[in-house]
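If you want the building blocks of each chain, they are given just below.
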Amino acid sequence: MSKLFGEFHVTPIGSAIKDAQSLFPKFRDYQELRRQTLKLAYWPDGKSVSGQVADMDWEEITGMAKPRANELRIDDEIGGFNNLRIIFYLFEKKIILPGDVLPRLWVISVMQKKSQRFSTNDFDTFSARIKIVRIRKYQGHL
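Residues numbered from 1 in each chain as written. Predicted model: local features only at pLDDT ≥ 70, side-chain atom pairs only at ≥ 80, totals over all residues. Heavy atoms only, no water.

Chemist: Explain the pattern of salt bridges to me, please; I cannot follow it from the model alone.
Modeler: Pairs can form between side chains of opposite charge whenever their charged atoms are close. Going through the model one piece at a time under the given rule, you end up with 10 salt bridges. Glu71 is paired through a salt bridge with Arg73; the nearest N and O atoms lie 3.8 Å apart. Glu71 sits in the buried class, given a relative accessible area of 5%. The structure contains a network of salt bridges with shared partners spanning Glu59, Glu71, Arg73, Arg85 and Lys113. (Salt bridge = Lys/Arg side-chain N within 4 Å of Asp/Glu carboxyl O. Buried < 20%, exposed > 50% of the residue type's maximum accessible area, 1.4 Å probe, protein only.)

Structure below.
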């Protein structure tokens, strides 16, 4: 596959789209967030726990039990919000789903992070959303 398209097909789950729409009711701001999120197509292979994607930093969320999500930190201000986080998940194995050409990277949440730590409720939400993706898309591969 051409490097123009990256290594992953970036797909938001419905809950992440609702998160983004509630943060950014203006279409222009929503599209700017989408543009930043699509940089995840160039995310590395997942062997390290932190690094850079294009011009943004990412890190594995180590406070939660496995399977863990990752956070992409957006430093730009979008729609009056700063310190934005894109929470994403990649299945442990690079599996290409039927009809796809690239493995999928799932965006499970969008949030403005107001403190350094994630709350227990955040961890529970991320875990539940990962579980939904795993059951719906990777049931035969668990």
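Further notes follow.
Chemist: How do you make sense of unusual backbone geometry when you look at a structure like this?
Modeler: Leaving glycine out, the prevailing phi sign among residues is negative, and the prevailing peptide bond configuration is trans. A cis amide bond links Lys66 to the next residue, Pro67, at an omega of 0°. Note that Pro67 resides in the loop between β3 (56–60) and β4 (70–74). Positive phi is not limited to glycine here, since Asn83 has a value of about 55°. Checked against the element boundaries, Asn83 lands in the loop between β4 and β5 (84–89). (Helix = DSSP H or I, 4+ residues; strand = E, 2+ residues; numbered from the N terminus.)

Chemist: Please explain the pairing of strand β6 (residues 104–112) as it appears in this structure.
Modeler: Two faces, one strand: in a regular strand the side chains alternate between the faces of the sheet. Counting buried residues along β6, eight of its nine residues qualify, which places the element largely inside the surrounding structure. In this structure, β5 lies alongside β6, joined through six bridges in antiparallel fashion. Residue Ile87 lies in a different strand from β6, and its bridge partner there is Ser109. (Pairing = 2+ DSSP bridges.)

Geometry only, nothing functional implied.
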